[in-house]
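The primary structure of each chain is shown beneath.
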Amino acid sequence: MAPAADGYEIRIRGRAGTSLREAFSELTISVHPAETVLRGTPLDQAALYGILDRIQSLGLELVEVRRLPGGGAEAR
């Protein structure tokens, strides 16, 4: 059994519209000029796989997935 992660940051290409925000309402969403960043904390691997499956089924382009240390705060 894998240990629970502090959280994950998922980057997808493009800007999130209202429907995308509703599809990922359990995540924190920030929109940047060329991509949308989804953050989930705490988020275990099972939940991560569910989110990645949702991204694929919506036809979104996945750019990056990374594990966040320290309760989701980015390391500085």
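Structural notes, computed from the coordinates. Owing to the predicted nature of the structure, the values given are computational and were not obtained by experimental measurement. (Residues numbered from 1 in each chain as written. Predicted model: local features only at pLDDT ≥ 70, side-chain atom pairs only at ≥ 80, totals over all residues. Heavy atoms only, no water.)

**As for the pairing of strand β2 (residues 28–31)**
Filter applied, for reference: By this definition, two strands are paired if DSSP reports at least two bridges between them. Secondary structure elements are taken from DSSP: a helix is a run of H or I of four residues or more, a strand is a run of E of two residues or more, and numbering for both begins at the N terminus.
Direction of pairing for β2 relative to strand β3 (residues 35–40): antiparallel, over a ladder of four bridges. The residue of β3 that forms the bridge with T28 is R39. With antiparallel pairing between neighbouring strands as the criterion, β2 and β3 make up a hairpin whose turn holds three residues.

**Points about unusual backbone geometry**
Cis rather than trans, the peptide bond between T41 and P42 has omega equal to -15°. Positionally, P42 belongs in the loop between β3 and α2 (45–57).

**Things to note about the pattern of salt bridges**
In plain terms, the rule: Every case where a carboxyl oxygen of Asp or Glu lies within 4 Å of a side-chain nitrogen of Lys or Arg is listed as a salt bridge. Relative accessibility decides the category of a residue: with a 1.4 Å probe and only protein chains considered, values under 20% of the type maximum give buried, values over 50% give exposed, and everything between is partly exposed.
Under the counting rule described, the total for this entry stands at seven salt bridges. The salt bridge involving R39 is made with E9; its shortest N-O contact spans 2.7 Å. Of this pair, R39 sits in strand β3 while E9 sits in strand β1 (residues 8–13), placing them 30 residues apart in sequence. Residue E9 is classed as buried on the basis of its relative accessible area of 1%. Between R11 and E64 there is a salt bridge, with its nearest N and O atoms 3.5 Å apart. You can see R11 sitting in strand β1 and its partner E64 sitting in strand β4 (residues 62–67), a full 53 residues away along the chain. Here R11 falls in the buried class, since its relative accessible area comes to 17%. In this structure E64 comes out as partly exposed when scored by relative accessible area, which is 34%. Each of E9, R11, E35, R39, E64 and R66 takes part in one network of salt bridges that share partners.

**Some points on the side chain of R11**
What counts is decided by this rule: Pairs of N or O atoms are called polar contacts if they sit within 3.5 Å, as long as, within protein, a hydrogen donor faces a hydrogen acceptor (for residues adjacent in sequence, only side-chain-to-side-chain pairs). The criterion used for residue contact is that any of the two residues' heavy atoms lie within 4.5 Å.
Engagement of the side chain of R11 in a polar contact is seen with the side chain of E35, the distance being 2.4 Å. The contacts of R11, once residues within four sequence positions are left out, are E35, T36, V37, E61, L62, V63 and E64.

**Side note on the environment of A34**
When you line up the elements, A34 lands in the loop between β2 and β3. Setting aside residues up to four positions removed in sequence, A34 forms contacts with R13 and G14.

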